[in-house]
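# Structural overview for review
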Amino acid sequence: MPDPTDFLPLNGTDYVEFYVGNAKQAAHFYRSAFGMEMLAYRGPETGTRDRSSYLLGQNKIRFVLTTPMQPDGPIAEHVRKHGDGVRDIALWVDDAEAAYRETTKRGAKGVRVPEVLQDEGGQIKISAIAAYGDTIHSFVERRNYTGLFLPGFVKLDQPDRVSRPVGLKYIDHMVSNVGWGQMDTWVAFYRDVMGFRLYQHFDDKDISTEYSALMSKVMANGNDRVKFPINEPAEGRRKSQIEEYLDFYKGPGVQHIAMATDNIVETVSKLRNQGIEFLRVPHTYYQDLIKRTGKIDEPIEALEELGILVDRDEEGYMLQIFTKPVEDRPTLFFEIIQRKGSRSFGKGNFKALFESIEREQALRGNL
Ligand code: FE2
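Not measured: the values here are computed from a predicted model.

## Considering the coordination of the iron ion
Reference geometry at the metal: tetrahedral coordination by four donors gives ideal angles of 109.5 degrees; octahedral coordination by six donors gives 90 or 180 degrees. Protein-derived ligands of the iron ion are H173 (NE2), H256 (NE2) and E335 (OE), with the metal-ligand distances lying across 2.0 to 2.2 Å. Site description for the iron ion: donor spacing in sequence, H-x82-H-x78-E. Here the residue H256 occupies a position in strand β14 (residues 253-261), and E335 occupies one in strand β17 (residues 333-340), the gap between them amounting to 79 residues. Judged by relative accessible area, H256 falls into the buried class, the value being 8%.

## Describing the domain arrangement of the protein chain
Considered domain by domain, the protein chain is made up of domain 1 (12-155) and domain 2 (168-364). Placing a centre on the C-alpha atoms of domain 1 and another on those of domain 2 gives a separation of 25 Å. Contacts between domain 1 and domain 2 engage 39 residues on the former and 34 residues on the latter. When domain 1 packs against domain 2, close to 2900 Å² is buried across both sides, 70% of that on carbon and sulfur atoms. The largest contributions to the domain 1 side of the interface with domain 2 come from F34, I61 and Y132, which together make up 24% of the buried area. Viewed at the interface, domain 2 and domain 1 are joined by 0 salt bridges. Remark: the boundary between domain 1 and domain 2 carries 11 residue pairs in polar contact (both at pLDDT 80 or more). Broken down by secondary-structure element, the contributors of at least two residues to the side of domain 1 that touches domain 2 are β1 (12-19), α1 (23-32), β4 (61-68), α2 (74-82), β5 (85-93), α3 (96-105), β7 (122-130) and β8 (136-141). With 5 residues, the top contributor of residues to the side of domain 1 that touches domain 2 is α2.

So, how was this worked out
Residues numbered from 1 in each chain as written. Predicted model: local features only at pLDDT ≥ 70, side-chain atom pairs only at ≥ 80, totals over all residues. Heavy atoms only, no water. Donors = N, O, S within 2.8 Å, 3.2 Å for Na, K, Ca; no water. Helix = DSSP H or I, 4+ residues; strand = E, 2+ residues; numbered from the N terminus. Buried < 20%, exposed > 50% of the residue type's maximum accessible area, 1.4 Å probe, protein only. Domains from an automatic or database assignment. Contact = heavy atoms within 4.5 Å. Buried area = accessible area lost by both parts, 1.4 Å probe. Salt bridge = Lys/Arg side-chain N within 4 Å of Asp/Glu carboxyl O. Polar contact = N/O pair within 3.5 Å; in protein donor to acceptor, adjacent residues only side chain to side chain.

Now the structure itself:
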């Protein structure tokens, strides 16, 4: 039942749009390595002059990779400043006009007034508001549309011979890094402007190593389908991974996207064979794993071999692993997650994980 007090009802994440320097090649990477399938295209050949966009999908996950055709304009500017990164976390709504009205009334900055896009599949209504940094949230209304994705996108008639699916199902959460002292500003934005609530939080006692610390609050929408953890750096002896991100992304932005699977051992084995690089934790992590987590279904040897982490709470357990950044700049990376009852974000793994990230940071000369 929809909650009548929820002024921004969301059906879930609609798509994530990345602005990249070369969408054709990026699409090849997401297909061959992450197993996304090329579903549709829009560009000069289909009547869009200023950009090319590739729609990739795997189960419920949809990524759009967009590249500018010319050196000026907002897409080129985004790529110049940030490198490849997430521009738009688009949310699926039943009423894009109401979503725009309710959020801008509460202080959101509008970046796209409600607009109707049309083709033979019907009508899409779309609007957008600004979020942290140069990131935006589009609101996509699909109830009068039966087409493939969005007007302008053309289905590819060739089967995708490059895609090697790995069993990724849906986006579990998407994490932002914001600047010093900005976490509560953005917590307030998601609470007051978008009607989210605080779902979990971690402070620098939960998330600190010998060198650095961070603080994190997880915001969730009314039906829990959309979860946005927000990180900010905390004072430590050396530069935190959040500061490194902010230095290279040139401001706040999406730090990682967590994608869920029903079989993490199989998914991560395939991803590794397809060239995805993961963070590693030391052998000692696995020595006392069972003591911390109790009995689990997966063989510990397989988890250690792949570097998969486990955490347990009152409700169950969860398995997770993080990729290295997927661009040359140490910015966006991905998490693969499998939940077995637990709704946590892997608090018990933070220390081992951040020490692993710091080893990588030191190699880059940024610790
Ligand atoms: Fe995460």
